[in-house]
Amino acid sequence: MKGLKLNKNVKDNLITYGIVIIAYVIMQIMINTGHISSLLQGLLVPLCVYVILAVSLNLTVGILGELSLGHAGFMCVGAFAGAFFSRYMEDVIEVSLLRFVIAIIIGAISAGIVGFLIGMPVLRLRGDYLAIVTLAFGEIIKNIINVLYVGKDSSGIHFSMKDSMSLGLTEDGDVIINGAQGITGTPKDATFTIGIVLIIITLVVVLNLIHSRDGRAIMSIRDNLIAAESIGINITKYKLMAFSISAALAGMAGVLYSHNLSSLMATPKNFGYNMSIMILVFVVLGGIGNIRGSIISAVILTLLPELLRGLSNYRMLIYSVILIVMMLFNWSPKLINLRKKYSLRRLFKKTGEVR
Amino acid sequence: MAALLEVKNLGISFGGLRAVDDFEVTIKKGQLYGLIGPNGAGKTTVFNLLTGVYKPSEGIITLDGVNITGLKTIEINKAGIARTFQNIRLFKELSVIDNVKAGLHNHYKYSTFEGILRLPGFFKIEEAMTEKAMELLKVFELENEADYLAANLPYGKQRKLEIARALATDPKLLLLDEPAAGMNPNETMELMNTIRFVRDNFDMTILLIEHDMKLVSGICEELTVLNFGRILAQGATGTVLNDPQVITAYLGE
């Protein structure tokens, strides 16, 4: 009985990993044989970024059960922390992969710490209030970075919140974070392969966390806070744990994002409210608490506007119609039955047998 | 037998409302104790005071010689009080066995790290947890539904699962808030047997709130009757139920 249950989880997780790996292999083959447009090729890294963001937000929204609208803020922290490190160490660490890995770790840790610090006061709130406050914190993070000036010279790192002149750099100085102009000249270390590896790491962390003692505690808080407390589960600890891990993973996505661009700025478009909402849309459409769904919807909803580019004027119209249709029908009982009949799992099994 | 729970002069006010006033009770180890009274008498408030959901305005609660007055719910659970709820509070989106495993949370530990990296400790302890949880589920004849979602269980079994989850925290004192509410006579009979079984096999002390007089007179050894937040009568079940005051206030002629 118990072995059966564990196996079911393991099997379910393996299918999720399998989908990612198969998608990676297919894309690699297409890239190598040249069957892929340069437009799509440019989208591959952002796709990985969005998938990681969607999966990590699902940890907060679906597993912890709290609505967070500040996810882009944590991504922003990770992006700038990682990019800053890479720019700072560009001459010191020559091996780009090593430098990038350290940048990812630094980005994830700093976003995790910011998540922890914000989570402490914010997670006392529930529901709409929590959503509003996380939204505000997301904007605050973005705005702080917009007025932040950091430079380095022979005497070390200089900070300022006023302008780049007040950094007081010596002649050999270099302004790394230049206020609203952000960071320019970040090494383009992000590749599709690293993106996929990061997706796998995210999946391992999230899926293994869910199916462990801590995950059970987190989900019990989601299902019934009062009952969870009555059986001795430390509410604050587990809420913070889920929130910080989710923030750290978003930070990781941020590092990937920043190393795909030569100039990184904190604009409302990439780290603002719209971004947070877009990630939330991925999560909601993929099914709240459904990790695999998050991956698929992030991919579809990122590709869709690009693929519809030919229809120029109508593409946002089609996009929104598809969104509405999916929301209406994604969870209708008849469609669920239909999906069960022709489920991905079955299809995959069949293709697996053919091979 | 030594006293397990001693409550002295317990009281709480909500604004001008005196919800519980001068509540006193002494429950011995291994006793099956009943708390009855009309609706709104303050029974559930007493439970909430005992489990730290509300902080008492005055009074002292002692569990097994330890003063637990004013502690947080988590700490009180660790000290040894577990409860069920009047309106069932299960973890509905978790499976039946995971509900019980959540109850085992503080007794089987491995670090987050071990969980995420799937180190040997994870497998060893998860297996021990599963074993223990199945053992508990068997007591409540839920072993065949272990993989069901808790929300999909029939009502009577949900009540049982809630008791199983409370027992998983390995308490000294078990508080049952209207365990027979909404059950038919057959289910109630079955529940009475289960409660007795739990008391005997787990060496449990049980304090229960109940409106079903058959259940109360059937299994409770002693009773306290509450009315308007005050104790109306206290003592052995037979004596209390024949008290004329209790009959007028609660049972009816």
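What counts as what
Residues numbered from 1 in each chain as written. Chains lettered and ligands numbered in written order. Predicted model: local features only at pLDDT ≥ 70, side-chain atom pairs only at ≥ 80, totals over all residues. Helix = DSSP H or I, 4+ residues; strand = E, 2+ residues; numbered from the N terminus. Rg over C-alpha atoms; globule rule 2.2 N^0.38 Å. Buried ≥ 20, exposed ≤ 12 C-beta atoms within 10 Å, placed from the backbone. Contact = placed C-beta atoms within 7 Å. Axes fitted to C-alpha atoms, helices over the stretch in contact; angles between N-to-C directions. Parallel < 35°, antiparallel > 145°, perpendicular 65-115°, else oblique. Nonpolar A, V, L, I, M, F, W, Y, C, P; charged D, E, K, R; others polar. Pairing = 2+ DSSP bridges. Right-handed = clockwise from strand over helix to strand, strands pointing away. Domains from an automatic or database assignment. UniProt positions renumbered as here; feature names shortened; annotations may be inferred. pLDDT = per-residue confidence, 0-100.

An unreviewed UniProt entry lists chain B under the name ABC transporter ATP-binding protein, with Parablautia intestinalis given as the organism.

The name that an unreviewed UniProt entry assigns to chain A is Branched-chain amino acid ABC transporter permease, with the source organism given as Parablautia intestinalis.

Engineer: Tell me about the overall build of chain B, residues and numbers included.
Structural biologist: Each helix and strand counted, chain B has 10 helices and 10 strands in total. In terms of overall dimensions, chain B is globule-like: its C-alpha atoms have a radius of gyration of 19 Å, near the 18 Å expected for 253 residues. Taken along the three principal axes of its C-alpha coordinates, chain B extends 65 × 40 × 35 Å. The buried share among the 253 residues of chain B stands at 44%. Contacts in chain B between residues far apart in sequence, at least 24 positions, make up 66% of those at least 6 positions apart.

Engineer: Tell me about the overall build of chain A, residues and numbers included.
Structural biologist: For chain A, the count of helices and strands is 15 helices and five strands. Taken over the C-alpha trace, chain A has a radius of gyration of 21 Å; the compact-globule value for 355 residues is 20 Å, and the two agree within 12%. A principal-axis box enclosing the C-alpha atoms of chain A has dimensions of 70 × 60 × 40 Å. Contacts in chain A between residues at least 24 apart in sequence constitute 76% of all its contacts with a sequence separation of at least 6.

Engineer: Residue-level account of the packing of helix H2 (residues 38-64) of chain A against helix H6 (residues 192-210) of chain A, with values.
Structural biologist: Residues and elements named next belong to chain A. Direction vectors running N to C along H2 and H6 enclose 10 degrees, while the axes themselves pass 8 Å from each other. Classified by the angle between their axes, H2 and H6 sit roughly parallel to one another. Counted together, Leu44, Val45, Cys48, Val51, Ile52, Val55, Ser56, Leu59 and Ile63 of H2 and Phe192, Gly195, Ile196, Leu198, Ile199, Thr202, Leu203, Val206 and Ile210 of H6 form the full contact between these two elements. A class-by-class count of the residues in the contact of H2 with H6 yields 15 nonpolar, three polar and no charged.

Engineer: Now, about the interface of chain B and chain A: what can you tell me, with residues and values included?
Structural biologist: The accessible area lost on association of the parts is a frequent measure of interface size. On the chain A side, the residues contacting the 32 residues of chain B number 24 residues. Its residues placed into classes, the side of chain B that touches chain A shows 12 nonpolar, 10 polar and 10 charged.

Engineer: Before we move on, can you summarise the pairing of strand E7 (residues 173-177) of chain B with the specific residues and values?
Structural biologist: Taken residue by residue, a regular strand's side chains alternate between the two faces of the sheet. All names here are of chain B. Burial of E7 is extensive: five of the five residues sit out of reach of the surface. In the sheet, strand E6 (residues 81-83) pairs with E7 via three bridges, with the strands oriented parallel. Each bridged residue has a counterpart across the sheet, and for alanine 82 the counterpart in E7 is leucine 174. Bridge count for E7 against strand E8 (residues 205-209) is five bridges, and the pairing is parallel. Pairing of leucine 173 across the sheet is with threonine 205, part of E8. In this fold, the crossover linking E7 to E8 by way of helix H7 (residues 185-202) has right-handed handedness.

Engineer: Before we move on, can you summarise the sheet that holds strand E3 (residues 32-36) of chain B with the specific residues and values?
Structural biologist: Where strands meet in a sheet, backbone hydrogen bonds hold them as pairs that are either parallel or antiparallel. Residue and element names in this part refer to chain B. Taken together, the six strands give an open sheet; going across it, the order is E6-E7-E8-E3-E9-E10, and neighbouring strands pair in mixed fashion. A single partner strand is all that each edge strand has here, and the edge strands are E6 and strand E10 (230-236). On average, each strand axis in the sheet is tilted by 15 degrees relative to the strand beside it, whichever way the strands run. Packed on one face of the sheet, helix H1 (residues 43-50) meets E3, E6, E7, E8 and strand E9 (222-227) and runs near 150 degrees to E7. Taken strand by strand, helix H10 (residues 244-251) contacts E3, E9 and E10, and its axis lies near 125 degrees from that of E10.

Engineer: Provide a residue-level description of the domain arrangement of chain B, including the pertinent values.
Structural biologist: Residue and element names in this part refer to chain B. When its domains are assigned, chain B resolves into domain 1 (1-80 + 171-253) and domain 2 (92-169). Averaged C-alpha coordinates put domain 1 and domain 2 at centres separated by 27 Å. Listed per partner, the contact involves 12 residues of domain 1 and 10 residues of domain 2. Listing elements by their share of the side of domain 1 that touches domain 2, those giving two or more residues are helix H2 (73-79), E7 and H7. Looking at the side of domain 1 that touches domain 2, the element that brings in the most residues is H7, giving four residues. Counted by class, the side of domain 1 that touches domain 2 contains seven nonpolar, three polar and two charged residues.

Engineer: Residues and numbers for the pairing of strand E2 (residues 156-160) of chain A, please.
Structural biologist: All names here are of chain A. For E2, the tally of buried residues reaches only zero of five residues, placing the bulk of the element at the surface. Here strand E1 (residues 149-153) runs beside E2; their pairing, made up of five bridges, is antiparallel. Across the sheet, residue lysine 152 finds its bridge partner in E2, namely isoleucine 157.

Engineer: For the UniProt feature "transmembrane region" (unreviewed entry) in chain A, give the residues involved together with the corresponding values.
Structural biologist: All names here are of chain A. Mapped onto this numbering, the UniProt entry annotates "transmembrane region" (unreviewed entry) at residues 14-31, 43-63, 69-88, 100-123, 129-151, 190-210, 279-304 and 316-336. Along residues 100-123 the backbone is 96% helical and 0% strand, and the end-to-end C-alpha distance reaches 32 Å. Taken end to end, residues 190-210 has its terminal C-alpha atoms 28 Å apart, with 90% of it in helix and 0% in strand.

Engineer: Describe the environment of asparagine 260 of chain A, naming the residues involved and giving the relevant values.
Structural biologist: Residues and elements named next belong to chain A. On the secondary structure map, asparagine 260 appears in the loop between helix H9 (235-258) and strand E5 (263-264). Asparagine 260 sits 74 residues away from threonine 186 along the chain, and the two C-alpha atoms are 8.4 Å apart. Among residues more than four places away in sequence, those in contact with asparagine 260 are Val45, Pro46, Lys188 and Ala190.

Engineer: Hey, could you go over the sheet that holds strand E2 (residues 17-28) of chain B for me, with residue numbers and the actual values?
Structural biologist: All names here are of chain B. Taken in spatial order, the four strands make up an open sheet running E2-E1-E4-E5, and their pairing is antiparallel. In this open sheet, the two edge strands, each paired with only one partner strand, are E2 and strand E5 (66-67). Bridge count between strand E1 (residues 3-14) and E2: eight bridges; the pairing is antiparallel. Bridge assignment links glutamate 6 to a residue of E2, and that residue is threonine 26. Strands in contact with H1 are E1, E2 and strand E4 (58-63); relative to E2, the strand with the most contacts, it is inclined by about 70 degrees.

Engineer: Got a sec to walk through unusual backbone geometry? Specific residues and values, please.
Structural biologist: Residues and elements named next belong to chain B. One non-glycine residue, glutamate 178, lies in positive phi territory at about 50 degrees. Within the element layout of this structure, glutamate 178 appears in the loop between E7 and H7. Of note in this structure, phenylalanine 228 is not a glycine but carries a positive phi near 50 degrees.

Engineer: Before we move on, could you go through the confidence of the model for chain B and cite the residues and values that matter?
Structural biologist: All names here are of chain B. Of all residues in chain B, 99% have pLDDT values of 70 or greater, and the mean over the chain is 92. The spread of mean pLDDT over the elements of chain B runs between H10, the lowest at 86, and helix H3 (residues 96-103), the highest at 96. Interface confidence for the predicted complex, given as ipTM, is 0.91, next to a pTM of 0.89.

Engineer: Tell me about the environment of valine 281 of chain A, residues and numbers included.
Structural biologist: All names here are of chain A. Position of valine 281 relative to the elements: it lies in helix H11 (residues 273-286). Overall, valine 281 belongs to the partly exposed group, with 17 C-beta atoms counted inside 10 Å. For the pair formed by valine 281 and serine 68, sequence separation is 213 residues and the distance between their alpha carbons is 12 Å.

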